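Here is what each chain is made of, one letter per residue.
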Amino acid sequence: MPSVSETVDRLRTTFRTGRTKSLDWRTGQLRQLRALLTERGDELADALNADLGKSRKEAYRTEIDFTIREIDHTLEHLADWLRPEPAPVPASLRGAKALTVQDPLGVVLVIAPWNYPAQLLLAPLVGALAGGNAVVVKPSEMAPATSAAVARLLPQYLDTDAVAVVEGAIPETTALLAEHFDHIFYTGNGTVGRIVMAAAAKNLTPVTLELGGKSPVFVDRDTDLKAVAGRLAAGKFLNAGQTCVAPDYVLTDPETGAALADALAAAIEELFGADASTHPEYGRIVNERHFDRLTGLLDSGRTVTGGTYDRDSKYIAPTVLADVAPDAPVMREEIFGPVLPIVTVDGLDEAIAFINDRDKPLALYAFTDSEAVRERLIGETSSGAVGIGLPLAHLTVSDLPFGGVGESGMGNYHGRYSLETFSHRKAVLDTPMPS
């Protein structure tokens, strides 16, 4: 087994040959990755079930097919994205030509989290390969079955001199961060994000940090609460709430809040039946540590629905809490689990102030029929993204950037934005010599 240093050196030797820079190599690797997902998707789905209790349907919808769509979009547009872009020159340089080209960065590192351990490893890999880089991918040790599957499958399909998988936990990640990469792409929590950024600073390595935070939901009065509850429950309780852009808490007025709580209870039962533990589409908490953290939040308000759990199976019922104080334990950290608190405010002004008094979230969601409310939320708050009328859906639009701001991250990716992240836009000025 080669050391981390030997692996990085091997990849850098490959990059310096120029092999990864051709369009043929890039598209060939992307097609091979697509073949892996279509031919061996069931193996990944089995691993995701073992790690997170994900059903095959959810595994394909949120991880495997999601990544295939990202590959297809990139293959369709990559040649156009890579074309040099001309730039105007001033009159003093008449006769010169100016343009920008996308330059591969070199050897890049992708560190993935455990909650979507296939998608959040392979979708950044798509961008890194499209950019013409050599890549080290580090799966999450907290999703061991998926990590093992990726480590087994990627070398069967991709160029092993240019793409390497490094498995392991803190020692292996620490060893990786000690190496000199040309870009580090990290998805996870802010605590580790700071460690990644500090390590990268020693080599002036640029970083992309895809973090999280408490993504709020504003529910306006006079909206269709049955429709709101159905969409909100589907987004919140996907993957048992373990989604970085899941709705974290609801802000609404007291009257709407009381009616919404009842509507959410009905929507959850419609989604998962009277006992979600028996429903094949409802997942499990990743491990006992996160399970214990989440059950410790259940006393933060009045339980509207849910609140039951089983540690042996790592099951926590979809839970809605009402009468939640702004400083309750459930409001002090990103929940990252199937607990949805409702916090009441007087109206839009107080909701905007509540959001702006806290760290900038990865996403802000709103349910409203008012264009004025939409404009105020977009214009008067800061977040990685705004989703109006449907949580999580912005991730599925390949031409939208996905990323955070402030505590929720820096940089973005998906579609063309992935190519931009894993490339350097190099300026070229060609000034002719006098004849």
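These lines cover the structure that appears in this document, whether it is placed above or below.

What counts and how
Chains are numbered independently. Their residues run from 1 in the order of the written sequence. With the structure being a predicted model, the display of local features is reserved for residues of pLDDT at least 70 and the display and counting of side-chain atom pairs for 80 or more, all residues being used for whole-chain, interface and lining totals. As a convention, hydrogens and water are excluded, and side-chain values are obtained from all of the structure's heavy atoms. Strands are labelled as partners when DSSP assigns at least two bridges between them. Here a helix means four or more residues in a row that DSSP labels H or I, a strand means two or more in a row labelled E, and each is numbered from the N terminus. Note on definitions: angles span 0 to 180 degrees between N-to-C directions of axes, and those axes are lines fitted to C-alpha atoms, for helices only across the stretch in contact. By definition, residues are in contact when any of their heavy atoms lie within 4.5 Å. Patch rule: a residue counts if its relative accessible area is over 30% and it has no salt bridge; like charges are joined within 9 Å, and nonpolar side chains (Val, Leu, Ile, Met, Phe, Trp, Tyr) within 5 Å. We get accessible surface area from the Shrake-Rupley algorithm with a probe of 1.4 Å; when it comes to residues, only the shown protein chains can shield them. For this analysis, a salt bridge means a side-chain nitrogen from Lys or Arg found within 4 Å of a carboxyl oxygen belonging to Asp or Glu. Cavity means a closed set of points on a 1 Å grid over the protein atoms alone, one where a 1.4 Å probe fits but cannot get out, pocket means an open set with protein on both sides within 12 Å along at least 5 of 7 lines, and lining means a residue has an atom within 4 Å of a point. Grid points are joined across faces, edges and corners, and a volume is the space filled by probe spheres set on the points. Put simply, Ala, Val, Leu, Ile, Met, Phe, Trp, Tyr, Cys and Pro go in the nonpolar bin, Asp, Glu, Lys and Arg in the charged bin, and everything else, Gly too, in the polar bin.

1. A short note on the sheet that holds strand β8 (residues 216-219)
Part 1 of the argument: One open sheet holds the seven strands; their spatial order is β10-β13-β14-β9-β8-β15-β16, and the pairing between them is mixed. Every other strand in the sheet has two partners, leaving β10 (302-305) and β16 (386-388) as the edge strands with one partner each. Each strand of the sheet is rotated relative to its neighbour by a mean of 25°, with strand direction disregarded.
Part 2 of the argument: The pairing of strand β15 (residues 364-367) with β16 spans three bridges and is classified as parallel. Counted as the bridge partner of Tyr-365 is Gly-387 from β16.
Part 3 of the argument: Those strands touched by helix α12 (residues 348-356) are β8, β9 (249-252), β14 (339-344) and β15, and its axis lies near 145° from that of β9.

2. Concerning a nonpolar patch on the surface
Part 1 of the argument: On the surface, a cluster of nonpolar side chains totalling about 220 Å² of accessible area is made up of Ile-378, Val-386 and Ile-388.
Part 2 of the argument: Residue placement: Ile-378 occurs in helix α13 (residues 371-380).

3. Some details on the layout of surface pockets
Part 1 of the argument: Reported here for the largest pocket is a volume of approximately 1300 Å³.
Part 2 of the argument: Along its surface, the largest pocket is lined by 48 residues, and Tyr-186, Gly-188, Asn-189, Gly-190 and Thr-191 are the ones closest to its centre.
Part 3 of the argument: Listing elements by their share of the lining of the largest pocket, those giving two or more residues are α7 (170-177), β6 (183-187), α8 (190-201) and α11 (288-295).
Part 4 of the argument: If you tally residues by element for the lining of the largest pocket, the top one is α8, at six residues.
Part 5 of the argument: Tallied by class, residues from the lining of the largest pocket come to 21 nonpolar, 13 polar and 14 charged.
Part 6 of the argument: In this model, the second largest pocket occupies a volume close to 630 Å³.
Part 7 of the argument: Residue lining of the second largest pocket: 32 residues in total, with Arg-61, Thr-62, Ala-234, Leu-238 and Leu-392 positioned closest to the centre.
Part 8 of the argument: Going through the elements one at a time, α4 (56-82), α5 (119-130), α9 (225-236) and α10 (254-272) are the ones with two or more residues in the lining of the second largest pocket.
Part 9 of the argument: The dominant element in the lining of the second largest pocket, judged by the number of residues it contributes, is α4, at six residues.
Part 10 of the argument: The residue inventory of the lining of the second largest pocket, partitioned by class, reads 18 nonpolar, eight polar and six charged.

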